[in-house]
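What follows is each chain in one-letter form.
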Amino acid sequence: MRWLFLLVVLINAGFFSWHSFSQDQRQAFQEKVYAPPVGTKIALMSEPVEELSVKPAQREIADRREALERLEGRLQNAVSEAESNLRNPTLSSDGVGIAATQEPSDEDVKSCRIIETEREKDHKAILVSLNKKRWAYTETQKIGERDKYWLYISAPNNRAAANKIVADLKGRGVDSFIINRGEMKNRISLGLYSSKVRAEQAAAAIKTKANYDVEVFEHQRKVSLYVVDIATQMTDELFNNWLKSLEMEPSLIKIEKKSC
């Protein structure tokens, strides 16, 4: 009886083992079928591929990150621009190298001029040049005071001594004459100059030739003046260049700047 029970148990165990083996074999040979995830759209290769949908929370995070990056970029640009302006204040705030607006310098401001000359030849030279330039002007004449430089030799003791000095100067090629009256009586006049430079040069030359001490007396004297009122506007640079082209002695010309 006991052997019979043991035989039944063995038969059952063998049947169960065979059944399990058969199931595994069928599963091993079963062909696997691929199926896309649920909710994913199947598309042909000829159709454009659509971007995967992004969850709302992920999209919000991405938008915030993008906005923060843009803000950081603007802040960096503003800092760089401020540093550039500090290094180069002539650049404008837009950073494209345009010079900042500044007040015009005196050299850039245009104005008109009034020129006074004493010598007629200087006046004529000015008019010729103005006509060539086609600059508008008006001319007048007036009486005014100008600086003069008189050269003289101090008065000797008597008239005879003065005549001797004049004769000596004439023999050395120096023109002179004796003053006959007033406080300057018996002084030997050597000429009147409108330029201080020329007066000093003449005094040095006379002393070298005749070995007389020559005095320079500076004073103002009423003279006839030629006045030219230039109505054409010009900068200081343009006017100074034109004046140099005339090759006149600056001390003989009086110049006044005025608004047009």
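Everything here concerns the structure above.
No experiment lies behind these values; they were computed from the predicted model shown. (Residues numbered from 1 in each chain as written. Predicted model: local features only at pLDDT ≥ 70, side-chain atom pairs only at ≥ 80, totals over all residues. Heavy atoms only, no water.)

**Remarks on the side chain of Glu249**
Tracing the backbone through its elements, the reader meets Glu249 in the loop between α6 (236–246) and β6 (253–258). For Glu249, the side chain forms a polar contact with the side chain of Ser195, separated by 2.2 Å. Discounting chain neighbours no more than four positions away, the residues touching Glu249 are Ser195 and Arg198. (Helix = DSSP H or I, 4+ residues; strand = E, 2+ residues; numbered from the N terminus. Polar contact = N/O pair within 3.5 Å; in protein donor to acceptor, adjacent residues only side chain to side chain. Contact = heavy atoms within 4.5 Å.)

**Considerations on the nonpolar core**
With 18 residues, the main nonpolar core has Leu151, Ile153, Leu169, Ile188 and Leu190 as its most contacted residues. Of all the secondary-structure elements, those providing two or more residues to this core are β2 (137–153), α4 (159–171), β4 (188–193) and α5 (196–210). If one sorts the elements of this core by residue count, α5 sits on top with 5 residues. Ignoring anything within four residues of it in the chain, the contact list for Leu169 reads Ile153, Val174, Ser176, Ile188, Leu190, Ile206, Ala210 and Tyr212. Counting residues in each nonpolar core, the second largest holds 14 residues, with Ile126, Trp135, Met234 and Ile253 among its members. (Core = buried A, V, L, I, M, F, W, Y, C linked by side-chain atoms within 4.5 Å. Buried < 20%, exposed > 50% of the residue type's maximum accessible area, 1.4 Å probe, protein only.)

**Quick look at the environment of Lys110**
Secondary-structure assignment places Lys110 in the loop between α2 (56–87) and β1 (111–117). For Lys110, a relative accessible area of 54% corresponds to the exposed category. Spatially, the C-alpha atom of Lys110 lies 9.5 Å from that of Leu238, the residues being 128 residues apart in sequence. Apart from the residues within four sequence positions on either side, Lys110 is in contact with Gln233, Met234 and Thr235.

**Topic: the sheet that holds β4**
Pairing is antiparallel across the open sheet formed by 6 strands, whose spatial order is β3-β4-β2-β5-β1-β6. In the strand order of this sheet, the two ends are held by β3 (177–178) and β6, each with one partner. Examined bridge by bridge, β1 and β6 share 6 bridges and lie antiparallel to one another. Residue pairing across strands places Arg113 opposite Lys257, the latter belonging to β6. Strand contacts of helix α3 (residues 120–133): β1, β2 and β5 (215–234), with the helix running at about 15° to β5, the strand carrying the most contacts. (Pairing = 2+ DSSP bridges. Axes fitted to C-alpha atoms, helices over the stretch in contact; angles between N-to-C directions.)

**Quick look at α3**
Along an α-helix, residues three or four apart share an orientation, since each turn contains 3.6 residues. Taking 1.5 Å of rise per residue, 14 residues should cover 20 Å, and α3 covers 20 Å from first to last C-alpha, within 8% of that figure. Of the positions making up α3, those classed as buried are Asp122, His123, Ile126, Leu127, Ser129 and Leu130. One face of α3 carries all of its buried residues, which in axial projection span an arc of 165°. Residues of α3 that are exposed and angled more than 90 degrees away from the buried face: Lys121 and Lys132. Those residues of α3 that are buried lie in contact with β1, β2, β5 and α6. Looking at the residues trailing α3, positive phi occurs at Arg134, about 60°. (Expected span 1.5 Å × (residues − 1). Arc of directions from axis to C-beta.)

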